[in-house]
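Secondary and tertiary structure notes
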Amino acid sequence: MIVCFSGTGHSLRVARDLAQGLGEPPPVSVRAWERQRETAGERLVLVFPVYAFGPPRLLTTVIDRMEAIRAGQVYAVATAGGTPGSALTILDGHLRERGAVLRGGWIITRWDTWLNRYHIKINIMVRAIKEGRAGLLPGSSLLFDALSPLLYRGFCRRVGATGRRFRLAATCTRCGLCARLCPVDNITLGDDGRPRWGDACEACLACYAWCPARAIRFGWWGRLLPAEPPAGLTAQDLLALKEQTRPA
Ligand SMILES: Cc1cc2nc3c(=O)[nH]c(=O)nc-3n(C[C@H](O)[C@H](O)[C@H](O)COP(=O)(O)O)c2cc1C
Ligand code: SF4
Ligand code: SF4
């Protein structure tokens, strides 16, 4: 079973390529995983972006809410800009609390695409997962290992309010795509059809990145975050992830 969280689409691209290589059904969202759970002994591959040197808050929250994780082998693949911090080791800590251990994990960054080694890395992961090999990438450095959990905890405390930083331009066409895309349904449409952000944001930037009218504006620091969607992926692909359920 492949479980994916993705805002701008890079993790979804990875999850779909892994599903194809491993001969697995299409990835399901973290919320669908929480509803449906994995089957005992099944292989579980978690694919997600790095946020503030850790995994998305939703992923660790859902893991913490589970009674136990009974998957056979658990793997993780994190996509990142270029400074992944200790995302895999933080995730491993949450999994261990639920009786599971991360058997293997990889980071895939924008550099892998720019340096044309994206598909090479996907093939390496597919081979390793198929063979059930173990191996967890350590954090970037001793300094990052020490700082990441602190920064990550601060991020988790404040991330819900990220929606308050979005501003809407007059160019909004009231198409409602942002509300449909939001992986945690943190956007509602007002009587005037314009989006309103709640306080359960995950800072995934899906609304910001995929708005067809580019009507959503973010604070200055938001503009520094990489939010360009990957080539070849569409908003429909992200909507499909949100609606995907585990095949019967
Ligand atoms: C709120 C936020 C925090 C981020 N923090 C980091 C980070 O600490 N290190 C990093 O390398 N990339 C960071 N990124 C970049 C994302 O990890 C990267 O763009 C990822 O591929 C996005 O995945 P997605 O397209 O599946 O949403 C951050 C992005 C956002 C939106
Ligand atoms: S996706 Fe953009 S144009 Fe459509 S409702 Fe949201 S902000 Fe407005
Ligand atoms: S409101 Fe926007 S940034 Fe926040 S979780 Fe929803 S889509 Fe992501």
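Quick notes on the rules
Residues numbered from 1 in each chain as written. Chains lettered and ligands numbered in written order. Predicted model: local features only at pLDDT ≥ 70, side-chain atom pairs only at ≥ 80, totals over all residues. Near = placed C-beta within 6 Å. Nonpolar A, V, L, I, M, F, W, Y, C, P; charged D, E, K, R; others polar. Domains from an automatic or database assignment. Contact = placed C-beta atoms within 7 Å. Core = buried A, V, L, I, M, F, W, Y, C linked by C-beta atoms within 7 Å. Buried ≥ 20, exposed ≤ 12 C-beta atoms within 10 Å, placed from the backbone. Helix = DSSP H or I, 4+ residues; strand = E, 2+ residues; numbered from the N terminus. Pairing = 2+ DSSP bridges. Right-handed = clockwise from strand over helix to strand, strands pointing away.

**Focus on the site of ligand 2**
Around ligand 2 there are 13 residues in total, and C172, C175, L177, C178 and C211 lie nearest to it. For the shell around ligand 2, the per-class residue count stands at 10 nonpolar, 2 polar and 1 charged.

**Description of the domain arrangement of the protein**
Once the domains are mapped, the protein shows domain 1 (2–156) and domain 2 (160–224). Each of domain 1 and domain 2 has a C-alpha centre, and these two points are 26 Å apart. In this complex, domain 1 contributes 8 residues to the contact, which on the side of domain 2 involves 8 residues. Class assignment of the residues belonging to the side of domain 1 that touches domain 2 gives a composition of 4 nonpolar, 3 polar and 1 charged.

**Here's the deal with the nonpolar core**
Counting residues in each nonpolar core, the largest one holds 66 residues, and the members touching the most others are V47, V77 and C207. In terms of residue count, strand β4 (residues 74–80) provides more of this core than any other element does, 6 residues in total.

**Notes on the site of ligand 1**
Taken together, 24 residues sit near ligand 1, with T8, S11, P49, A80 and G81 positioned nearest. Of all elements in the fold, only α1 (10–22) and β4 reach the threshold of two or more residues within the shell around ligand 1. With 3 residues, α1 is the single largest residue contributor to the shell around ligand 1. The class makeup of the residues in the shell around ligand 1 is 13 nonpolar, 11 polar and no charged. Counting contributing residues per domain, the shell around ligand 1 is built from domain 1 (2–156) and domain 2 (160–224), each supplying no fewer than three.

**Describing the pairing of strand β5 (residues 102–109)**
In terms of residue burial, β5 counts as a mostly covered element, since 8 of its 8 residues are buried. Alignment of β4 against β5, held across 7 bridges, turns out to be parallel. Residue V77 lies in a different strand from β5, and its bridge partner there is W106. Viewed along the sheet, the connection from β4 through helix α4 (residues 87–97) into β5 turns out right-handed.

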